[in-house]
Amino acid sequence: MKNAALIGMNTLLLMVALLSFACKGQTPSGTVTKVNSKRGKIVQKLDHRIWQVFEDKSGNYWFGSDSAGVFKFDGKIITQYTTEDGLSSNQIRQILQDKFGNMFFSTMGGINKFDGNTFSKLEPVISNEWKLEKDDLWFYVLGDTKISGPLRYDGKTLHNLQFPSHPRNEQRIKQGINPFFSPYEVYSVYKDRKGHMWFGTSVLGAARFDGEKIEWMYEEDLTIVPTGGSFGIRSIFEDSRGDYWICNSQQRFQFDWSNGSKSVDLKYTKTPGFGNKEVFKGEERIYYQSVVEDKNGHLWFCNWNNGVYKYDGVNTINYKVQHEGKDAHIVSMYLDSKGIIWLGTNDAGAFKMENDQFVEFQ
(Lines give C-alpha, C1' and ligand atoms only; values in the text may rest on other atoms or scores of the structure.)
Protein backbone atom coordinates (compact mmCIF):
# COMPACT_ATOMS: atom_id res chain seq x y z
CA MET A 1 0.00 0.00 0.00
CA LYS A 2 1.38 3.39 -0.95
CA ASN A 3 0.93 5.97 1.74
CA ALA A 4 2.73 9.29 1.45
CA ALA A 5 2.43 9.96 5.15
CA LEU A 6 4.06 6.65 6.04
CA ILE A 7 6.84 7.12 3.53
CA GLY A 8 7.48 10.59 4.91
CA MET A 9 7.61 9.36 8.49
CA ASN A 10 9.98 6.53 7.54
CA THR A 11 12.21 9.01 5.76
CA LEU A 12 12.24 11.21 8.84
CA LEU A 13 13.17 8.32 11.11
CA LEU A 14 15.96 7.21 8.83
CA MET A 15 17.29 10.76 8.82
CA VAL A 16 17.15 10.90 12.61
CA ALA A 17 18.98 7.60 12.90
CA LEU A 18 21.78 8.63 10.56
CA LEU A 19 22.22 11.95 12.34
CA SER A 20 22.37 10.21 15.70
CA PHE A 21 25.60 8.39 14.90
CA ALA A 22 27.47 11.68 15.04
CA CYS A 23 26.02 12.69 18.41
CA LYS A 24 27.15 10.15 21.02
CA GLY A 25 28.90 10.70 24.31
CA GLN A 26 26.84 10.45 27.52
CA THR A 27 28.67 8.90 30.42
CA PRO A 28 26.33 7.31 32.99
CA SER A 29 27.12 8.88 36.34
CA GLY A 30 25.39 10.89 39.01
CA THR A 31 27.25 14.10 38.26
CA VAL A 32 25.98 17.36 36.82
CA THR A 33 28.40 19.06 34.46
CA LYS A 34 28.16 22.86 34.29
CA VAL A 35 29.16 24.77 31.19
CA ASN A 36 29.58 28.54 31.11
CA SER A 37 27.15 30.22 28.73
CA LYS A 38 27.73 33.13 26.40
CA ARG A 39 24.01 33.81 26.86
CA GLY A 40 23.27 33.42 23.18
CA LYS A 41 23.16 35.84 20.30
CA ILE A 42 20.36 37.95 18.86
CA VAL A 43 19.17 36.78 15.44
CA GLN A 44 16.55 38.00 12.98
CA LYS A 45 14.74 34.73 12.30
CA LEU A 46 14.39 31.08 13.32
CA ASP A 47 16.09 28.12 11.72
CA HIS A 48 14.07 26.35 9.01
CA ARG A 49 14.14 23.01 10.90
CA ILE A 50 12.04 23.71 13.99
CA TRP A 51 10.95 20.46 15.63
CA GLN A 52 9.60 21.76 18.97
CA VAL A 53 7.62 24.77 20.22
CA PHE A 54 7.15 25.57 23.93
CA GLU A 55 5.73 28.50 25.93
CA ASP A 56 7.28 29.09 29.36
CA LYS A 57 5.57 30.43 32.50
CA SER A 58 6.60 34.00 31.63
CA GLY A 59 5.06 33.87 28.17
CA ASN A 60 8.34 33.46 26.30
CA TYR A 61 8.36 31.06 23.36
CA TRP A 62 11.15 28.55 22.86
CA PHE A 63 11.79 26.85 19.53
CA GLY A 64 13.91 23.72 19.32
CA SER A 65 15.75 23.12 16.06
CA ASP A 66 17.08 19.87 14.65
CA SER A 67 20.23 21.63 13.48
CA ALA A 68 20.70 25.04 15.10
CA GLY A 69 20.01 24.75 18.83
CA VAL A 70 17.31 26.66 20.72
CA PHE A 71 15.64 29.99 19.96
CA LYS A 72 13.91 32.14 22.59
CA PHE A 73 11.35 34.76 21.57
CA ASP A 74 10.38 37.22 24.33
CA GLY A 75 7.84 39.09 22.22
CA LYS A 76 10.41 41.49 20.78
CA ILE A 77 13.72 39.77 20.04
CA ILE A 78 14.88 36.27 19.14
CA THR A 79 17.90 34.87 20.99
CA GLN A 80 19.67 31.78 19.70
CA TYR A 81 21.56 29.31 21.96
CA THR A 82 23.86 26.65 20.52
CA THR A 83 26.70 24.38 21.58
CA GLU A 84 28.88 27.49 21.73
CA ASP A 85 26.72 28.64 24.64
CA GLY A 86 26.72 25.32 26.49
CA LEU A 87 24.14 23.09 24.81
CA SER A 88 25.29 19.49 24.48
CA SER A 89 23.96 19.30 20.92
CA ASN A 90 22.21 21.57 18.43
CA GLN A 91 19.63 18.83 17.76
CA ILE A 92 16.70 19.44 20.12
CA ARG A 93 14.13 16.73 20.85
CA GLN A 94 12.11 18.16 23.75
CA ILE A 95 11.63 21.34 25.81
CA LEU A 96 10.32 21.43 29.40
CA GLN A 97 10.29 23.80 32.38
CA ASP A 98 10.35 22.95 36.10
CA LYS A 99 8.41 24.61 38.91
CA PHE A 100 11.35 26.93 39.64
CA GLY A 101 11.40 28.31 36.10
CA ASN A 102 14.51 26.45 34.93
CA MET A 103 14.41 25.35 31.29
CA PHE A 104 15.34 21.84 30.20
CA PHE A 105 16.29 20.65 26.73
CA SER A 106 16.50 17.08 25.56
CA THR A 107 19.26 17.06 22.95
CA MET A 108 21.05 14.40 20.95
CA GLY A 109 24.02 14.98 23.24
CA GLY A 110 22.12 14.67 26.53
CA ILE A 111 19.72 16.52 28.80
CA ASN A 112 20.57 20.16 29.50
CA LYS A 113 19.29 22.44 32.28
CA PHE A 114 19.35 26.21 31.73
CA ASP A 115 18.87 28.61 34.65
CA GLY A 116 18.90 31.71 32.45
CA ASN A 117 22.67 32.13 32.67
CA THR A 118 24.34 28.73 32.66
CA PHE A 119 23.76 25.43 30.91
CA SER A 120 24.26 22.22 32.89
CA LYS A 121 24.34 18.69 31.56
CA LEU A 122 22.46 16.07 33.58
CA GLU A 123 24.23 12.72 33.47
CA PRO A 124 21.80 9.76 33.46
CA VAL A 125 21.99 6.88 35.90
CA ILE A 126 20.65 3.45 34.92
CA SER A 127 17.75 2.95 37.31
CA ASN A 128 14.68 0.93 38.22
CA GLU A 129 13.27 3.63 40.51
CA TRP A 130 9.89 3.89 38.88
CA LYS A 131 8.02 6.61 40.76
CA LEU A 132 5.21 9.01 39.98
CA GLU A 133 5.84 12.38 41.63
CA LYS A 134 3.95 15.45 40.38
CA ASP A 135 7.06 17.62 39.96
CA ASP A 136 9.15 15.05 38.10
CA LEU A 137 10.18 15.83 34.52
CA TRP A 138 10.08 13.02 31.95
CA PHE A 139 12.33 13.01 28.90
CA TYR A 140 13.05 11.03 25.78
CA VAL A 141 15.88 11.38 23.24
CA LEU A 142 14.54 10.31 19.86
CA GLY A 143 17.34 8.87 17.74
CA ASP A 144 19.87 8.06 20.49
CA THR A 145 20.10 4.27 20.34
CA LYS A 146 22.05 4.15 23.62
CA ILE A 147 19.05 5.38 25.59
CA SER A 148 16.61 2.54 26.23
CA GLY A 149 13.57 3.51 28.28
CA PRO A 150 12.39 6.93 29.53
CA LEU A 151 14.36 9.44 31.59
CA ARG A 152 12.88 10.74 34.87
CA TYR A 153 14.37 13.77 36.63
CA ASP A 154 13.38 14.22 40.28
CA GLY A 155 15.32 17.44 40.80
CA LYS A 156 18.47 15.61 41.89
CA THR A 157 18.99 12.53 39.73
CA LEU A 158 18.28 11.80 36.08
CA HIS A 159 17.02 8.21 36.15
CA ASN A 160 17.36 6.25 32.92
CA LEU A 161 14.52 3.86 33.71
CA GLN A 162 14.54 0.31 32.38
CA PHE A 163 11.35 -1.31 31.15
CA PRO A 164 10.70 -4.71 32.73
CA SER A 165 10.84 -7.62 30.31
CA HIS A 166 7.56 -8.70 28.72
CA PRO A 167 7.30 -12.12 26.97
CA ARG A 168 5.45 -10.68 23.99
CA ASN A 169 8.03 -7.94 23.57
CA GLU A 170 10.94 -10.36 23.76
CA GLN A 171 9.28 -12.54 21.12
CA ARG A 172 8.75 -9.56 18.85
CA ILE A 173 12.38 -8.51 19.21
CA LYS A 174 13.48 -11.97 18.05
CA GLN A 175 11.32 -11.62 14.93
CA GLY A 176 13.58 -8.82 13.73
CA ILE A 177 13.27 -5.05 14.03
CA ASN A 178 14.52 -1.92 12.34
CA PRO A 179 18.29 -2.06 13.05
CA PHE A 180 18.56 1.70 13.50
CA PHE A 181 16.62 1.69 16.77
CA SER A 182 16.64 0.08 20.18
CA PRO A 183 13.29 -1.74 20.63
CA TYR A 184 12.61 0.03 23.93
CA GLU A 185 13.63 3.43 22.64
CA VAL A 186 10.99 6.01 23.62
CA TYR A 187 9.43 8.03 20.81
CA SER A 188 6.91 9.96 22.88
CA VAL A 189 6.03 10.76 26.50
CA TYR A 190 2.55 11.79 27.59
CA LYS A 191 0.86 12.50 30.94
CA ASP A 192 -2.87 11.73 30.89
CA ARG A 193 -5.67 13.43 32.81
CA LYS A 194 -5.15 11.13 35.80
CA GLY A 195 -1.48 12.02 35.98
CA HIS A 196 -0.35 8.63 34.70
CA MET A 197 2.58 8.43 32.30
CA TRP A 198 2.47 6.91 28.82
CA PHE A 199 5.44 5.98 26.67
CA GLY A 200 5.37 5.26 22.95
CA THR A 201 8.20 2.96 21.90
CA SER A 202 9.91 2.30 18.59
CA VAL A 203 8.49 -1.16 17.86
CA LEU A 204 6.87 -2.55 21.01
CA GLY A 205 3.74 -0.42 21.26
CA ALA A 206 2.75 1.82 24.17
CA ALA A 207 3.34 1.42 27.89
CA ARG A 208 1.44 3.07 30.76
CA PHE A 209 2.81 3.64 34.29
CA ASP A 210 0.19 4.40 36.95
CA GLY A 211 2.59 4.72 39.88
CA GLU A 212 2.41 1.03 40.75
CA LYS A 213 2.77 -1.08 37.62
CA ILE A 214 3.65 -0.85 33.95
CA GLU A 215 1.07 -2.13 31.47
CA TRP A 216 1.38 -2.55 27.71
CA MET A 217 -0.75 -2.32 24.59
CA TYR A 218 0.21 -3.41 21.11
CA GLU A 219 -1.65 -2.91 17.85
CA GLU A 220 0.34 -3.83 14.78
CA ASP A 221 -1.16 -1.10 12.60
CA LEU A 222 0.02 1.53 15.11
CA THR A 223 3.61 0.37 14.96
CA ILE A 224 4.40 -1.58 11.79
CA VAL A 225 4.39 0.26 8.47
CA PRO A 226 2.43 -1.68 5.79
CA THR A 227 5.28 -1.19 3.31
CA GLY A 228 7.83 -2.49 5.84
CA GLY A 229 9.77 -1.22 8.86
CA SER A 230 8.45 0.57 11.92
CA PHE A 231 7.76 4.19 12.78
CA GLY A 232 6.98 3.86 16.47
CA ILE A 233 4.22 5.31 18.63
CA ARG A 234 4.53 8.97 17.71
CA SER A 235 1.51 10.37 19.52
CA ILE A 236 -0.69 9.51 22.50
CA PHE A 237 -3.50 11.83 23.57
CA GLU A 238 -6.52 11.65 25.88
CA ASP A 239 -9.37 13.97 24.92
CA SER A 240 -11.84 15.66 27.28
CA ARG A 241 -14.27 12.75 26.86
CA GLY A 242 -11.71 10.22 28.02
CA ASP A 243 -11.06 8.69 24.58
CA TYR A 244 -7.47 8.02 23.58
CA TRP A 245 -6.04 8.81 20.15
CA ILE A 246 -2.91 6.94 19.19
CA CYS A 247 -0.97 7.35 15.94
CA ASN A 248 -3.63 6.94 13.26
CA SER A 249 -7.11 8.12 12.40
CA GLN A 250 -8.74 4.75 11.90
CA GLN A 251 -9.73 4.20 15.53
CA ARG A 252 -9.89 5.66 18.99
CA PHE A 253 -9.46 3.68 22.21
CA GLN A 254 -11.49 3.37 25.40
CA PHE A 255 -9.53 1.79 28.24
CA ASP A 256 -11.05 -0.26 31.03
CA TRP A 257 -9.66 0.91 34.38
CA SER A 258 -12.32 -0.79 36.50
CA ASN A 259 -10.89 -4.28 36.84
CA GLY A 260 -8.33 -5.24 39.43
CA SER A 261 -6.39 -7.51 37.13
CA LYS A 262 -2.69 -7.99 37.74
CA SER A 263 -2.12 -8.49 34.02
CA VAL A 264 0.59 -6.43 32.37
CA ASP A 265 -1.62 -6.00 29.30
CA LEU A 266 -4.00 -3.05 29.10
CA LYS A 267 -7.66 -3.80 28.44
CA TYR A 268 -9.47 -1.64 25.90
CA THR A 269 -12.01 -1.46 23.11
CA LYS A 270 -11.73 0.26 19.75
CA THR A 271 -14.31 2.47 18.07
CA PRO A 272 -14.16 4.37 14.76
CA GLY A 273 -11.85 7.37 14.59
CA PHE A 274 -12.31 10.26 12.14
CA GLY A 275 -12.14 11.06 8.45
CA ASN A 276 -12.64 8.91 5.35
CA LYS A 277 -11.16 8.16 1.94
CA GLU A 278 -12.64 11.34 0.49
CA VAL A 279 -11.01 13.49 3.18
CA PHE A 280 -7.72 11.57 3.00
CA LYS A 281 -7.53 11.59 -0.82
CA GLY A 282 -8.14 7.89 -1.29
CA GLU A 283 -6.24 6.66 1.75
CA GLU A 284 -7.92 4.56 4.44
CA ARG A 285 -6.30 6.56 7.25
CA ILE A 286 -3.71 9.16 8.05
CA TYR A 287 -0.91 8.84 10.58
CA TYR A 288 -0.38 11.86 12.79
CA GLN A 289 2.55 13.31 14.69
CA SER A 290 0.69 15.26 17.40
CA VAL A 291 -2.80 15.98 18.73
CA VAL A 292 -4.23 18.99 20.60
CA GLU A 293 -7.76 19.86 21.74
CA ASP A 294 -9.01 23.43 21.54
CA LYS A 295 -11.35 25.23 23.95
CA ASN A 296 -14.37 24.11 21.91
CA GLY A 297 -13.49 20.45 22.27
CA HIS A 298 -12.37 20.18 18.65
CA LEU A 299 -9.39 17.91 17.98
CA TRP A 300 -6.49 18.87 15.73
CA PHE A 301 -4.13 16.31 14.18
CA CYS A 302 -0.95 17.14 12.25
CA ASN A 303 0.31 14.91 9.45
CA TRP A 304 3.84 14.77 8.02
CA ASN A 305 3.01 16.07 4.56
CA ASN A 306 -0.76 16.65 4.34
CA GLY A 307 -1.17 19.55 6.73
CA VAL A 308 -3.49 19.60 9.74
CA TYR A 309 -6.91 17.99 10.22
CA LYS A 310 -9.59 19.43 12.48
CA TYR A 311 -12.26 17.06 13.81
CA ASP A 312 -15.33 18.53 15.52
CA GLY A 313 -16.90 15.19 16.40
CA VAL A 314 -18.72 14.92 13.06
CA ASN A 315 -16.81 16.66 10.29
CA THR A 316 -13.15 16.63 9.34
CA ILE A 317 -11.52 19.67 7.74
CA ASN A 318 -8.04 19.71 6.21
CA TYR A 319 -5.84 22.83 6.62
CA LYS A 320 -2.94 23.25 4.24
CA VAL A 321 0.47 24.20 5.65
CA GLN A 322 2.72 25.51 2.90
CA HIS A 323 6.01 27.32 2.39
CA GLU A 324 6.72 28.93 -0.98
CA GLY A 325 3.90 26.95 -2.56
CA LYS A 326 5.04 23.56 -1.28
CA ASP A 327 3.61 21.44 1.53
CA ALA A 328 5.65 21.75 4.72
CA HIS A 329 6.70 18.58 6.52
CA ILE A 330 5.20 18.83 10.00
CA VAL A 331 6.99 17.32 12.98
CA SER A 332 4.99 18.57 15.98
CA MET A 333 2.03 20.64 17.17
CA TYR A 334 1.64 22.74 20.34
CA LEU A 335 -1.27 24.56 22.02
CA ASP A 336 -0.20 27.64 23.99
CA SER A 337 -1.85 29.30 27.00
CA LYS A 338 -3.85 31.62 24.73
CA GLY A 339 -5.30 28.72 22.76
CA ILE A 340 -3.11 29.40 19.71
CA ILE A 341 -1.94 26.33 17.79
CA TRP A 342 1.71 26.22 16.74
CA LEU A 343 3.48 23.85 14.35
CA GLY A 344 7.09 22.77 14.14
CA THR A 345 8.29 21.65 10.71
CA ASN A 346 11.31 19.92 9.26
CA ASP A 347 11.86 22.38 6.43
CA ALA A 348 9.82 25.56 6.84
CA GLY A 349 10.38 26.87 10.37
CA ALA A 350 7.45 27.43 12.75
CA PHE A 351 3.80 28.18 11.94
CA LYS A 352 0.94 29.53 14.04
CA MET A 353 -2.82 29.65 13.54
CA GLU A 354 -4.06 33.13 12.63
CA ASN A 355 -7.46 34.01 11.16
CA ASP A 356 -8.31 30.35 10.60
CA GLN A 357 -5.15 29.54 8.66
CA PHE A 358 -1.60 28.50 9.43
CA VAL A 359 0.93 31.23 8.70
CA GLU A 360 4.71 31.24 8.97
CA PHE A 361 6.10 32.76 12.14
CA GLN A 362 8.36 35.64 11.10
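Residues numbered from 1 in each chain as written. Predicted model: local features only at pLDDT ≥ 70, side-chain atom pairs only at ≥ 80, totals over all residues. Heavy atoms only, no water.

A. Quick peek at the pairing of strand β14 (residues 158-161). Covered by surrounding structure in β14 are L158 and N160 together with H159 and L161, the residues of both alternating faces. The pairing of strand β13 (residues 151-153) with β14 spans 3 bridges and is classified as antiparallel. When the bridges of β14 are listed, Y153 appears paired with L158. Hairpin connection, β13 to β14: the antiparallel pair is bridged by 4 residues, and G155 has positive phi, about 100 degrees. (Buried < 20%, exposed > 50% of the residue type's maximum accessible area, 1.4 Å probe, protein only. Helix = DSSP H or I, 4+ residues; strand = E, 2+ residues; numbered from the N terminus. Pairing = 2+ DSSP bridges.)

B. Examining the packing of aromatic side chains more closely. In total, this model carries 43 aromatic pairs according to the counting rule given. Judged by centre distance (5.6 Å) and plane angle (35 degrees), the rings of W130 and F163 are tilted. Note that W130 is positioned in the loop between β11 (124-127) and β12 (137-139) and F163 in the loop between β14 and α2 (167-174), a separation of 33 residues in sequence. In this structure, R208 is placed above the aromatic ring of W257, and the distance from its NZ or CZ to the ring centre is 3.9 Å. (Phe/Tyr/Trp six-rings, centres within 6.5 Å; stacked < 30°, edge-to-face > 60°. Lys NZ or Arg CZ within 6 Å of the ring centre and 35° of its normal.)

C. Just the sheet that holds strand β31 (residues 350-354), in detail. Spatial ordering of the open sheet is given by β29-β30-β31-β32, a layout of 4 strands whose pairing is antiparallel. Across the chains shown, the open sheet's two edge strands, defined by having one partner strand only, are β29 (330-335) and β32 (357-360). Direction aside, neighbouring strands of the sheet carry axes that sit 30 degrees apart on average. In this structure, strand β30 (residues 341-345) lies alongside β31, joined through 3 bridges in antiparallel fashion. Bridging across to β31, G344 finds its partner in A350. (Axes fitted to C-alpha atoms, helices over the stretch in contact; angles between N-to-C directions.)

D. Just the environment of S165, in detail. Structurally, S165 can be placed in the loop between β14 and α2. Accessibility expressed as a relative area gives 58% for S165, which makes it exposed. Excluding anything up to four places from it in sequence, S165 contacts E170 and Y184. (Contact = heavy atoms within 4.5 Å.)

E. Looking closely at the pairing of strand β18 (residues 214-217). Every second residue of β18 is oriented toward a common face, with I214 and W216 on one face and E215 and M217 on the other, all of them buried. Across 4 bridges, the pairing between strand β17 (residues 206-209) and β18 is antiparallel. Its bridge partner being in β18, F209 is matched across the sheet by I214. Between β17 and β18, which pair antiparallel and follow one another directly, the connecting turn spans 4 residues, one of which, G211, has a positive phi of 100 degrees.

F. Geometry of the nonpolar core. Ranked by internal contacts, the top residues of the largest apolar core, which has 27 residues, are M217, I236, W245, I246, F255, F274 and F301. The set of elements that each furnish at least two residues to this core consists of β19 (236-238), β20 (244-246), β21 (251-255), β23 (288-293), β24 (299-303) and β25 (308-311). With 3 residues, the top contributor of residues to this core is β20. When residues no more than four places from it in sequence are discounted, the contact partners of I236 are S188, Y190, W198, F199, G200, A206, Y244, W245 and I246. In terms of nonpolar packing, the next biggest core, distinct from the first, is built from 17 residues, F163, Y184, Y187 and I214 among them. (Core = buried A, V, L, I, M, F, W, Y, C linked by side-chain atoms within 4.5 Å.)

G. Main features of the environment of W198. Here W198 lies in strand β16 (residues 197-201). Through-space distance from the C-alpha of W198 to that of S235 is 10.0 Å; in sequence the pair is 37 residues apart. What W198 contacts, discounting residues up to four positions off in sequence, is S188, V189, Y190, D192, A207, R208, I236, Y244, F255, W257 and L266. One polar contact links W198 to D192, side chain to side chain, over a distance of 3.0 Å. (Polar contact = N/O pair within 3.5 Å; in protein donor to acceptor, adjacent residues only side chain to side chain.)

H. Up close: the sheet that holds β25. In spatial order, the strands read β23-β24-β25-β26; together these 4 strands make up an open sheet with antiparallel pairing. A single partner strand is all that each edge strand has here, and the edge strands are β23 and β26 (316-319). Strand-to-strand twist across the sheet, computed as the mean angle between neighbouring axes with direction ignored, equals 20 degrees. Note: β24 against β25, 4 bridges, orientation antiparallel. Across the sheet, residue C302 finds its bridge partner in β25, namely V308.

I. The confidence of the model for the protein chain, seen in detail. Taken over all residues, the pLDDT of the protein chain has a mean of 88, while the share at 70 or more is 86%. Ignoring residues within four places in sequence, the model shows residues 1-7, a span with pLDDT below 50, making 16 contacts including any to other chains. Counting interchain partners and residues more than four positions distant, the pLDDT-below-50 stretch residues 13-29 has 46 contacts. (pLDDT = per-residue confidence, 0-100.)

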